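# Notes for the structure review
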Amino acid sequence: MVSLSKQKTFHRIPLSVLDLAPVNEGSNPRESFQHSVELARHVEALGFNRYWLAEHHNMPGIASSATSVLIGHIAEKTNHIRVGAGGVMLPNHATLVIAEQFGTLESLYPGRIDLGLGRAPGTDQATSYALRRTLNMRVEDFPMQVNELQDYFAKEPISKVKAVPGQGLNIPIWLLGSSDFSARLAAQKGLPFSFASHFAPAYTIPALRLYREQFQASEQLQKPHAMVGVNVIAADTDEKANYIATSLQQQFLHLRRGQPTKLKAPIENVEAHFSAFELQAIKQTLDPTTTIIGSKETVKQGLEHFLEKTAADEMIISSQIYHLEDRLRSFEIISELMDEANN
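Here's a quick rundown of the structure. (Residues numbered from 1 in each chain as written. Predicted model: local features only at pLDDT ≥ 70, side-chain atom pairs only at ≥ 80, totals over all residues. Heavy atoms only, no water.)

### Points about the overall build of the chain
Looking only at helices and strands, one finds twelve helices and nine strands in the chain. The C-alpha atoms of the chain give 19 Å as radius of gyration, which agrees with the globular expectation for 343 residues (20 Å, within 12%). Each principal axis of the C-alpha distribution contributes one length, and for the chain these read about 60 × 45 × 40 Å. Going through the 343 residues of the chain one by one, you find that 54% of them count as buried. In the chain, the proportion of contacts linking residues at least 24 apart, taken out of those at least 6 apart, comes to 73%. By element, 51% of the accessible surface of the chain is carried by carbon and sulfur atoms, the whole surface being about 15400 Å². Counting 32 positive and 37 negative side-chain charges, the chain places the centres of these two groups 4 Å from one another. (Helix = DSSP H or I, 4+ residues; strand = E, 2+ residues; numbered from the N terminus. Rg over C-alpha atoms; globule rule 2.2 N^0.38 Å. Buried < 20%, exposed > 50% of the residue type's maximum accessible area, 1.4 Å probe, protein only. Contact = heavy atoms within 4.5 Å. Areas by Shrake-Rupley, 256 points an atom, 1.4 Å probe, with all protein chains shown as cover. Lys, Arg positive; Asp, Glu negative; His and termini not counted. Charge placed at Lys NZ, Arg CZ, Asp CG, Glu CD.)

### A word on the nonpolar core
Judged by nonpolar contacts, the single largest core of 73 residues is most densely connected at Phe48, Tyr51, Phe102, Leu115, Leu117, Tyr211 and Val232. Broken down by element, the residue count for this core peaks at seven residues, all from helix α12 (residues 324-342). Not counting residues up to four positions away in its chain, the partners in contact with Phe48 are Leu15, Ser16, Val17, Val43, Ile81, Ile317, Phe331, Ile334, Ser335 and Met338. Ile244, Phe252, Val270 and Ile321 belong to the second largest nonpolar core, which has 15 residues in total. (Core = buried A, V, L, I, M, F, W, Y, C linked by side-chain atoms within 4.5 Å.)

### Topic: helix α7 (residues 204-214)
One full turn of an α-helix is made of 3.6 residues, so residues set three or four places apart face in the same direction. Those residues of α7 that fall on the buried side of the exposure criterion are Thr204, Ile205, Ala207, Leu208, Leu210 and Tyr211. Elements that come into contact with the buried residues of α7 comprise α6 (180-189), β6 (193-195), β7 (226-234) and α11 (296-310).

### Quick word on the pattern of salt bridges
According to the stated counting rule, one finds twelve salt bridges in the structure shown. A salt bridge links Glu336 to Lys296; the shortest N-O distance between them is 2.9 Å. With Glu336 in helix α12 and Lys296 in helix α11, the pair connects residues that are 40 residues apart, well separated along the chain. Taken together, the shared-partner salt bridges in this structure form one network comprising Asp236, Lys296, Arg329, Glu332 and Glu336. (Salt bridge = Lys/Arg side-chain N within 4 Å of Asp/Glu carboxyl O.)

### Notes on the packing of aromatic side chains
Tallying each qualifying case throughout the model produces five aromatic pairs. Plain terms: the ring middles of Trp52 and Trp174 are 5.3 Å apart, the flat faces sit at 85° to each other, and that makes the pair edge-to-face. With Trp52 in strand β2 (residues 50-53) and Trp174 in strand β5 (residues 173-177), this residue pair connects regions lying 122 residues apart in the sequence. What makes Trp52 buried here is its relative accessible area of 1%. (Phe/Tyr/Trp six-rings, centres within 6.5 Å; stacked < 30°, edge-to-face > 60°.)

### Concerning the pairing of strand β1 (residues 15-19)
By the criterion of burial, β1 is predominantly enclosed, with five of the five residues buried. A two-sided burial pattern is seen for β1, the buried positions comprising Leu15, Val17 and Asp19 on one face and Ser16 and Leu18 on the other. Pairing geometry for β1 and strand β9 (residues 314-318), over four bridges, is parallel. Its bridge partner being in β9, Ser16 is matched across the sheet by Ile316. Bridge count between β1 and β2: three bridges; the pairing is parallel. Pairing of Leu18 across the sheet is with Trp52, part of β2. (Pairing = 2+ DSSP bridges.)

### What to know about the packing of helix α2 (residues 67-77) against helix α3 (residues 95-108)
Here α2 crosses α3 at 0°, and the two axes come no closer than 10 Å. The angle between α2 and α3 places the two elements in the roughly parallel class. Only Gln101, Phe102 and Leu105 of α3 make contact with α2, whose side of the interface consists of Ser68, Ile71 and Gly72. Grouping the amino acids of the contact of α2 with α3 by side-chain chemistry returns three nonpolar, three polar and no charged. (Axes fitted to C-alpha atoms, helices over the stretch in contact; angles between N-to-C directions. Parallel < 35°, antiparallel > 145°, perpendicular 65-115°, else oblique. Nonpolar A, V, L, I, M, F, W, Y, C, P; charged D, E, K, R; others polar.)

### Comments concerning the packing of α3 against helix α5 (residues 142-153)
Where α3 meets α5, the closest approach of the two axes is 9 Å, and the angle between their N-to-C directions is 40°. Comparing their axes, α5 and α3 come out oblique. For the element pair α3 and α5, the recorded crossing hand is right-handed. On α5, the residues that touch Thr95, Leu96, Ile98, Ala99, Phe102 and Gly103 of α3 are Gln145, Glu148, Leu149, Tyr152 and Phe153. For the contact of α3 with α5, the per-class residue count stands at seven nonpolar, three polar and one charged. (Left-handed = near helix turned anticlockwise from the far one by under 90°.)

Right, here's the structure in full:
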């Protein structure tokens, strides 16, 4: 892929936030939502572009299951930052319901709502049954659902069923992915594309290349627009950042074991709690290119290197950090980097 590092630096492209509304060990979803509001207000004041929430189910450490409800709550508590889904797992839902929900959100908070769509269930198979009641809707039907959703938002929809509210509203649709499927579909339909680099680092460059090479202009988008996900845990020293990052490492290791937990407090010695095989697996998933942990200078170098590799148009940052004050400080450090580069 051709590097565009001379044209783009991380402080001159939009930076956004991906929030999973983490539930800490010893806490509950109510407190998680309070923390999300504090974080959203904080990053809005710092100049971040979007605040997205991701749909997950049956995970004790993630509270963003009723995604559209939480989007409305965050939008109500903030003033101008764009708020949206990163994303809604469309095969879990009747398309009309999503059109009505996001039509409602856009009507309440005009010009501030994004709708990112994914095709994975965001959960295990048993929960998929519980969500859908029937599995007649398959992930292979995702392109058809995207077509339906676009029609519901059209000024003159083909369908006899109308989304009220929803019809005629300009709600940006993004496709999300961790493989080449959504990259191809986003290119075909001329939609912006967000790649989950933060947990699928090996597929990032091939997916972005495919998206850009196959992109077809549309009414929504004239040229390809790619956003990449990145884990960032910043602190005042490398040592503190590495300590704070053990919460994220524990989360991924427990997921790998099939034993999802609430977000655990940092620990001093990860090696003492997990096997060598598990630690190696987590190094592959939390690749240093897309999981950037360290002081301000370390994070600066990591973000610049990642942008050089991807030539992304935007970055969206996930920070699974146990203590709220550490999470707020992490985004402050990123904001300081932007400010320093622009002065």
